[in-house]
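# Observations on the three-dimensional arrangement
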Amino acid sequence: NTFKSGLVMSGPTVLTEVITLAAAQARSEQAKNNRVGQQAYRVLLILTDGAVSNVLETKNAIKAAADSPLSIVIVGIGQADFSTMQFLDDFANQEGVRDICQFVEFSRYKYSKTQLNQATLDEIPDQVVDYFSKRGITPLPPVRGSQVNLIPEEWSEEDEIDVDISVNEEGEISLSGGGVQDESGYGNYNTAGKVPYNPSSQPTHVQAPVQSAYGQPAAQPAYGQQPAQPPAYGQPPGQPAYGQPP
């Protein structure tokens, strides 16, 4: 789909920078994983429609990357002369350095996905084994199921916040304790009505029930209405204060 979208590949073909960057990232990732008892290995896939512009610089970049947990697969696309690319595939064995580069000419396998996959991945298993075995790194036990690496950060007492959550009989949720509560972007849950609770539509304070003269709670006012005032001392509920007209 990428090539059907109008992508135009052009020269010069310079691979040194991407090889150097990929090697640095592979070393960094392996070092980070090694600290938590894990392992990492990378594969750099390069698609090119022409031979490299500077064979010697590219060769030196591959040699410098030979000590990193990295394999390089170069796929030549089109009808260009890829003889120099084949040289990059073969020079490592001639000079006694670790072989990390594999060149595949796409036109030879374009009618068979299976053969293309085999040619592309053919050398990677041996390259992975060669890298770890030369460093005395033994394989990890087989991974069963999903596995996530959790790297704990340094704990700071200043970042610790104690928060208490309580739900009243009406299903309203309240938070108390340290920290700052911002409810503008969040909805709480009304456990009584089984609907999201919008804090902006509810009172921000709790009104204590108004007591009558006989100690019985008076009826609560509707939302937004002022509560009824308790009767004067000594007056029965519902009766006017002394000296006031009924």
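A short tour of the structure in this document, coming up. (Residues numbered from 1 in each chain as written. Predicted model: local features only at pLDDT ≥ 70, side-chain atom pairs only at ≥ 80, totals over all residues. Heavy atoms only, no water.)

For the protein chain, the helix and strand inventory stands at 5 helices and 7 strands. A total of 246 residues make up the protein chain; the buried ones form 24% of that total. Carbon and sulfur atoms form 52% of the exposed surface of the protein chain, whose accessible area is close to 17900 Å². (Helix = DSSP H or I, 4+ residues; strand = E, 2+ residues; numbered from the N terminus. Buried < 20%, exposed > 50% of the residue type's maximum accessible area, 1.4 Å probe, protein only. Areas by Shrake-Rupley, 256 points an atom, 1.4 Å probe, with all protein chains shown as cover.)

If you walk through the whole model with that rule in mind, you get 6 salt bridges. Between Glu-29 and Arg-42 there is a salt bridge; the shortest N-O distance is 2.5 Å. Here the residue Glu-29 occupies a position in helix H1 (residues 16-34), and Arg-42 occupies one in strand S1 (residues 42-48), the gap between them amounting to 13 residues. Of the residues examined, Glu-29 reaches a relative accessible area of 26% and is grouped as partly exposed. The shortest N-O distance in the salt bridge between Asp-130 and Arg-98 comes to 3.6 Å. One end of the pair, Asp-130, is in helix H5 (residues 124-134); the other, Arg-98, is in the loop between helix H3 (83-95) and strand S3 (101-105), and 32 residues separate them in sequence. Take Asp-130: its relative accessible area is 24%, and that puts it in the partly exposed class. (Salt bridge = Lys/Arg side-chain N within 4 Å of Asp/Glu carboxyl O.)

Under the counting rule described, the total for this entry stands at 5 aromatic pairs. Centroid distance Tyr-41 to Phe-132: 6.2 Å. Interplanar angle 45 degrees. Geometry classified as tilted. You can see Tyr-41 sitting in the loop between H1 and S1 and its partner Phe-132 sitting in helix H5, a full 91 residues away along the chain. An aromatic cluster of three or more residues is present, and its members are Tyr-41, Tyr-131 and Phe-132. (Phe/Tyr/Trp six-rings, centres within 6.5 Å; stacked < 30°, edge-to-face > 60°.)

Turning next to the nonpolar core. Counting 21 residues, the largest nonpolar core has Ile-19, Ile-62, Leu-70, Ile-72, Ile-74 and Met-85 as its most contacted members. Broken down by secondary-structure element, the contributors of at least two residues to this core are H1, S1, helix H2 (55-64), strand S2 (70-76), H3 and S3. The leading source of residues in this core is H1, at 4 residues. Discounting chain neighbours no more than four positions away, the residues touching Ile-62 are Ile-19, Ile-72, Leu-88, Phe-91, Ile-100 and Cys-101. (Core = buried A, V, L, I, M, F, W, Y, C linked by side-chain atoms within 4.5 Å. Contact = heavy atoms within 4.5 Å.)

Here Gln-30 is to be found in helix H1. What makes Gln-30 buried here is its relative accessible area of 7%. Setting aside chain neighbours within four positions, we find Gln-30 in contact with Gln-38, Gln-39, Ala-40, Pro-69, Tyr-131, Phe-132 and Ile-137.

The next point concerns the environment of Leu-70. As for its position among the elements, Leu-70 is in strand S2. What makes Leu-70 buried here is its relative accessible area of 1%. Between the C-alpha atoms of Leu-70 and Ile-19, which are 51 residues apart in sequence, the distance is 9.5 Å.

Side chains of residues three or four places apart in an α-helix project in the same direction, reflecting 3.6 residues per turn. Taking 1.5 Å as the rise per residue, H1 with 19 residues should run 27 Å; its terminal C-alpha atoms sit 27 Å apart, in good agreement. Restricting attention to buried positions, one finds in H1 the residues Thr-16, Ile-19, Ala-22, Ala-23, Ala-26, Gln-30 and Asn-33. Looking down the long axis of H1, one finds its buried residues gathered within 135 degrees of arc, a one-sided arrangement. Against the buried residues of H1 lie S1, H2, S2 and H5. (Expected span 1.5 Å × (residues − 1). Arc of directions from axis to C-beta.)

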